[in-house]
Amino acid sequence: MDLFEQAGQEARQAGAPLAVRMRPRTLDEFVGQEKIIGPGTLLRRAIESDSLTSIILWGPPGSGKTTLARIIATMTRAHFEALNAVLDGINDIRRVIAAAREREKYYQQKTVIFVDEIHRWAKNIQDALLPCVEEGLLILIGATIENPMFTVNAAIRSRSRIFRLEALSDAAILALLRRALADAERGLGKFNVQADLEALEHLARVANGDARVALNALEFAVLTTAPDTSGRRHLTLEVAEEAIQQRAVLYDRDGDQHYDCVSAWIKSMRGSDPDAALYWLARMIYAGEDPAFLARRLMIHAAEDVGLADPQALMVASSAAQAVERVGLPEGRIILAEATLYIALAPKSNSVIKAIDAALAAVEKETAAPVPVHLRDANYRGAAALGHGRGYKYPHDYPGGWVEQQYLPDNLRGKVFYHPSDYGREGQMKAAWQQRTGRRG
């Protein structure tokens, strides 16, 4: 690199967005992924001892995948190559492989190849890396926002360890914002900013786990705020709202508003009011609620309040949870809305929760009686000689695939835990059950 190239690189760095300038340079500066990169963790030990094997970093935008790869680049004694699957292709892979072979042959130096957005490569392009990863010529660091179980070749996955990065918490992003405001060299410390806590909290919340969004919004807010007569720039909530183009709503993900809005959403679905259910869902999405949390609540509600009145509701909620995980926001709002509407419009029954709670109460209070002999397993060694399974009636040998016999232990014989409702699909199943058994409830 000559003096002109160095000067140009320094100028680009100085004019880069705040999120780029404030990239953590060491593992100690890396914030928000303590579970996988904190002191004593497997990945951290591997990086610090320069014994890293191929890995795949999977996480949402702004969670630190590229930053972590850059930190590894500064710490490893191996040669570091970076590719982007959007811009680079098979010819670039061949170039890296050829150089890696030369490097290994003449200098006995390993090569680490970082592939950003590896999920964008077709499977045949990914295959080009496989032989070199397998023989150890290349140590792969792949970064992806999509589930690698679906987007990365199985052969590469089997030779790599997958580390999942989570969306940064509000507290982690708040710490990064404060660091940027205090850093006079790379950050905004030279601008003499007085930032209100509610303004920073709004930026952190609306960023939805993406540090890049929060930092760049902070920079925009500071640069567009005129200093007062004392030279101080006052960053208020109103300025933060304008900078990130989203109005703050009264909502706290850890406080009363969180629990109250969730409660209102669930009660609206339980009460079969689709409009109210959509409103509370929209309010939580707008405020930056974790979509994974919303998806979990949908699954719980489908089982708890719809139950067997419409067994399809749980399948819809489960599919929505998986789809939201793969798609993310903003498109995930449509999936959450569809599941919310389905559950709100479905017939309701809580007989399942009453049944399992009654059964659990019996387990807790009643004597744990032996399993009836005819229900015991007769397959393990010596069990048949003890009479296990003797007298069992195989239902498929009888008309309709059903025969009357005792299934509960003797001390609970005749005990009824499940009282099906008359609603929806459960009502139909109840009628068929009553017809088959001759029972009334």
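Cut-off values and rules
Residues numbered from 1 in each chain as written. Predicted model: local features only at pLDDT ≥ 70, side-chain atom pairs only at ≥ 80, totals over all residues. Heavy atoms only, no water. UniProt positions renumbered as here; feature names shortened; annotations may be inferred. Helix = DSSP H or I, 4+ residues; strand = E, 2+ residues; numbered from the N terminus. Expected span 1.5 Å × (residues − 1). Buried < 20%, exposed > 50% of the residue type's maximum accessible area, 1.4 Å probe, protein only. Contact = heavy atoms within 4.5 Å. Pairing = 2+ DSSP bridges. Axes fitted to C-alpha atoms, helices over the stretch in contact; angles between N-to-C directions. Patch = residues over 30% accessible without salt bridge, like charges linked within 9 Å, V, L, I, M, F, W, Y side chains within 5 Å. Areas by Shrake-Rupley, 256 points an atom, 1.4 Å probe, with all protein chains shown as cover. Salt bridge = Lys/Arg side-chain N within 4 Å of Asp/Glu carboxyl O. Arc of directions from axis to C-beta. Parallel < 35°, antiparallel > 145°, perpendicular 65-115°, else oblique. Left-handed = near helix turned anticlockwise from the far one by under 90°. Nonpolar A, V, L, I, M, F, W, Y, C, P; charged D, E, K, R; others polar. Domains from an automatic or database assignment. Phe/Tyr/Trp six-rings, centres within 6.5 Å; stacked < 30°, edge-to-face > 60°. Lys NZ or Arg CZ within 6 Å of the ring centre and 35° of its normal.

The protein has the name Replication-associated recombination protein A in an unreviewed UniProt entry, where Neomoorella thermoacetica is given as its organism. If you open the UniProt record of the protein and go to Sequence similarities (unreviewed entry), you find "Belongs to the AAA ATPase family. RarA/MGS1/WRNIP1 subfamily." The protein has a UniProt comment under Function (unreviewed entry) that states "DNA-dependent ATPase that plays important roles in cellular responses to stalled DNA replication processes."

Undergrad: Teacher, can you tell me more about helix α11 (residues 170-182) here?
TA: The periodicity of an α-helix, 3.6 residues per turn, causes residues three or four positions apart to be oriented the same way. Helix length check: α11, at 13 residues, gives a terminal C-alpha distance of 18 Å against a target of 18 Å (1.5 Å per residue), a fit within 8%. Restricting attention to buried positions, one finds in α11 the residues A172, I173, L174, L176, L177, A180 and L181. The inward-facing, buried residues of α11 contact α2 (18-21), β6 (193-195), α12 (197-206) and α13 (211-223).

Undergrad: Could you clarify how one ought to interpret the pairing of strand β1 (residues 55-58) in this entry?
TA: Across a regular strand the side chains alternate sides, sitting on one face of the sheet and then on the other. Alternating residues of β1 divide into I55 and L57 and I56 and W58, and every residue in both groups is buried. In terms of strand pairing, β1 meets strand β4 (residues 138-144) through four bridges, oriented parallel. Considered in β4, the bridge of W58 is made with T144. Sheet topology note: the β1/strand β5 (residues 161-164) ladder contains four bridges and is parallel. If you follow I56 over to β5, its bridge partner there is I162.

Undergrad: Help me understand the sheet that holds β5, please; the structure alone is not making it clear to me.
TA: Each strand in a sheet pairs with another by means of backbone hydrogen bonds, the pair being arranged parallel or else antiparallel. Across the sheet, which stays open at both edges, the five strands sit in the order β2-β3-β4-β1-β5 with parallel pairing between neighbours. Edge positions in the sheet fall to β2 (79-84) and β5, since each of these pairs with one other strand and no more. Across the sheet, the mean angle from the axis of one strand to that of its neighbour is 15 degrees, orientation sign disregarded. Bridging between strand β3 (residues 111-116) and β4 involves six bridges; their strand directions are parallel.

Undergrad: Would you take a moment to explain a nonpolar patch on the surface for this structure?
TA: A surface patch of nonpolar side chains, about 270 Å² in accessible area, is lined by M149, F150 and I162. By the secondary structure assignment, I162 is in strand β5. Look at I162 and you get partly exposed, because its relative accessible area is 31%.

Undergrad: Got a minute to help me understand helix α6 (residues 90-107) in this structure?
TA: With 18 residues, α6 extends 25 Å between its outermost C-alpha atoms, agreeing within 8% with the 26 Å of an ideal straight helix rising 1.5 Å per residue. Buried within α6 we find I93, V96, I97, A100 and R103. Considered in projection along α6, the buried side chains sweep an arc of 125 degrees and stay on one side of the axis. Exposed residues lying more than 90 degrees from the buried face of α6 are N91, R94 and K105. Following α6 by one or two positions, Q108 adopts a phi angle in the positive range, close to 55 degrees.

Undergrad: Help me understand the packing of helix α17 (residues 291-306) against helix α19 (residues 332-345) in this model?
TA: Relative to each other, α17 and α19 sit at 15 degrees, their axes nearing to 11 Å. Overall, the two elements α17 and α19 adopt an arrangement that is roughly parallel. Considering how the two elements wind past one another, α17 and α19 form a crossing that is left-handed. Where α17 approaches α19, its residues P291, L294, A295, L298, H301, A302 and V306 are matched on the opposing element by L336, A339, T340 and I343. By residue class, the composition of the contact of α17 with α19 is nine nonpolar, two polar and no charged.

Undergrad: Help me out: how do you make sense of the domain arrangement of the protein in this one?
TA: When the parts come together, some accessible area is lost, and that loss is often what is quoted as the size of the interface. The domain boundaries assigned to the protein delineate domain 1 (33-164) and domain 2 (365-437). Distance between the C-alpha centres of domain 1 and domain 2: 55 Å.

Undergrad: Looking at this structure, I do not really get the pattern of salt bridges. What am I missing?
TA: Taken as a whole, this structure holds 16 salt bridges when the rule is applied. Close ionic contact of R21 with E219 constitutes a salt bridge, the shortest N to O distance being 3.0 Å. Highlighted residues: R21 in helix α2 and E219 in helix α13, separated in sequence by 198 residues. Summarising the burial analysis for this pair, R21 and E219 share the class buried. The closest approach of N and O atoms between K430 and D422, which form a salt bridge, is 2.8 Å. The class for K430 is buried, based on a relative accessible area of 14%. Judged by its relative accessible area of 58%, D422 falls in the exposed class. One connected set of salt bridges, linked through shared partners, spans R25, E29, D183 and R186.

Undergrad: Got a minute to help me understand the packing of aromatic side chains in this structure?
TA: Here the distance between the centres and the angle between the planes together describe a pair of aromatic rings. Per the counting criterion, the structure on display carries two aromatic pairs. Geometrically, the ring pair formed by F80 and F114 is stacked, given 6.5 Å between the ring centres and 25 degrees between the ring planes. Here F80, found in strand β2, pairs with F114, found in strand β3; they are 34 residues apart in sequence, far enough to count as distant. You can call F114 buried: its relative accessible area is 5%. With centroids separated by 4.9 Å and ring planes inclined at 70 degrees, the aromatic side chains of Y279 and W280 adopt a geometry described as edge-to-face. Exposure remark for Y279: the relative accessible area of 45% places this residue in the partly exposed category. Over the face of the ring belonging to W58 we find R164, whose NZ or CZ atom lies 4.2 Å from the ring centre. One Lys or Arg, R326, reaches over the ring of F150 and ends 4.0 Å from the middle of that ring.

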